[in-house]
Amino acid sequence: MKRLKSASLPEDEYGRQYHILLKPGDVPRYVLLPGDPGRVALIARYWDEYREVAKHREYITYVGKYRGVEIAATSTGIGGPAAAIAIEELLRVGVDTFIRVGTTGALQEYIGLGDVVISTAAVRYDGTSKTYVDVEYPAVADLEVTLALIEAAEELGVKYHVGITASSDSFYVGQGRTGFRNYLPEKWAGIDKKLQAINVINFEMESATLFTLANIYGVRAGTVSAVIANRVTNEFIPNIGVDEAIKVANEGARILSEWDSIKEKNGVKGLSMKIIKEYIMRRAGGHEI
Ligand code: URA
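Residues numbered from 1 in each chain as written. Predicted model: local features only at pLDDT ≥ 70, side-chain atom pairs only at ≥ 80, totals over all residues. Heavy atoms only, no water.

**Points about the pairing of strand β9 (residues 220-230)**
- Summarising burial for β9: 11 of the 11 residues are buried, a large majority.
- Here 10 bridges tie strand β5 (residues 97-106) to β9, and the two strands are oriented parallel to one another. Residue pairing across strands places I99 opposite G222, the latter belonging to β9.
- The pairing of strand β6 (residues 116-125) with β9 spans three bridges and is classified as antiparallel. Bridge assignment links I118 to a residue of β9, and that residue is V224.
- Taken together, the two bridges between β9 and strand β10 (residues 235-236) define a ladder with antiparallel strand orientation. Residue pairing for β10: A229 is matched across the bridge by F236. (Buried < 20%, exposed > 50% of the residue type's maximum accessible area, 1.4 Å probe, protein only. Helix = DSSP H or I, 4+ residues; strand = E, 2+ residues; numbered from the N terminus. Pairing = 2+ DSSP bridges.)

**Comments concerning the site of the ligand**
- The ligand sits among T103, T104, G105, F171, Q175, R177, F203, E204, M205 and I228.
- For the ligand, an oxygen atom lies 2.6 Å from a polar atom in the side chain of R177.
- When residues of the shell around the ligand are traced back to their parent elements, those giving at least two are β5 and β8 (200-204).
- When residues of the shell around the ligand are assigned to their parent elements, the largest contribution, three residues, is made by β5.
- Grouping the amino acids of the shell around the ligand by side-chain chemistry returns four nonpolar, four polar and two charged. (Near = heavy atom within 4 Å. Polar contact = N/O pair within 3.5 Å; in protein donor to acceptor, adjacent residues only side chain to side chain. Nonpolar A, V, L, I, M, F, W, Y, C, P; charged D, E, K, R; others polar.)

**Let's talk about the packing of aromatic side chains**
- Counting across every chain of the model gives four aromatic pairs.
- Between Y125 and W188, the aromatic rings sit 5.1 Å apart at their centres with planes inclined by 90°, giving edge-to-face as the arrangement. Remark: W188 occurs in the loop between β7 (160-168) and α5 (191-197) and Y125 occurs in strand β6; sequence separation between them is 63 residues.
- Residue W188 is classed as buried on the basis of its relative accessible area, which comes to 16%.
- Centroid distance W259 to Y279: 5.7 Å. Interplanar angle 90°. Geometry classified as edge-to-face. With W259 in helix α7 (residues 242-266) and Y279 in helix α8 (residues 273-283), the pair connects residues that are 20 residues apart, well separated along the chain. We note that W259, like Y279, is buried.
- In this structure, R177 packs its charged tip against the face of F171, placed 4.0 Å from the ring centre. (Phe/Tyr/Trp six-rings, centres within 6.5 Å; stacked < 30°, edge-to-face > 60°. Lys NZ or Arg CZ within 6 Å of the ring centre and 35° of its normal.)

That is the geometry; function is a separate question.
What follows is the structure in structure tokens.
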């Protein structure tokens, strides 16, 4: 990139964004958001076709088609600050539907390693969302995206749990793990147990920022995470369940696009039981069920 439009509008003359290096038209409306840049290729492995369109720092983007649906995946890096940059810039190039594909630590004993968690909302222990709006504003997932992820998990036979997530910008101290030399401020000691007691089901690092920004800007966002750790049983297996979360996210995007086309045909903007019934009928081959 050469000279950008200005310091306050860091994009080039084509609208190419400073961090993600994408311009309007480069990506479709449905974008999967893994944190890990290495996961983008793992996601695209399930697509009919794909190509890399941009790569800069932690932000790698592939576009392609999944079961006929135009789709993209952009890595966000770890935590709210890096994710907010990706979200801000993806919005500017036309994205309106985000599905985070993450990894997580479960806070409830009944959630097994390798299961997936679909988040309905996120406790805002991040710092980034607080720069956007007061903490009283809820970080809720989009209903359509959440339902599509549930439908995808059921269709694929993936064991899933639905509930409230907690997001922190801090993997260690902010999630109640001791820091270096056992440093742990009182505020965060036992935070895992406190959240467990109020029925929060998992800890991760980006959903609060994603949901807050998505609601402020009136776009859709949801999260599916692979359970790689359990804070109650104190187990940790890196990458277990990541493939299942990826499959659920890809299929969730396809289901959303099907619901979107039924909505368009019916001339409505939002999901309703009428739309879901038509989807179920289509799946049953057009016969009444
Ligand atoms: N990601 C997190 O943020 N926390 C965990 O415990 C595991 C994955």
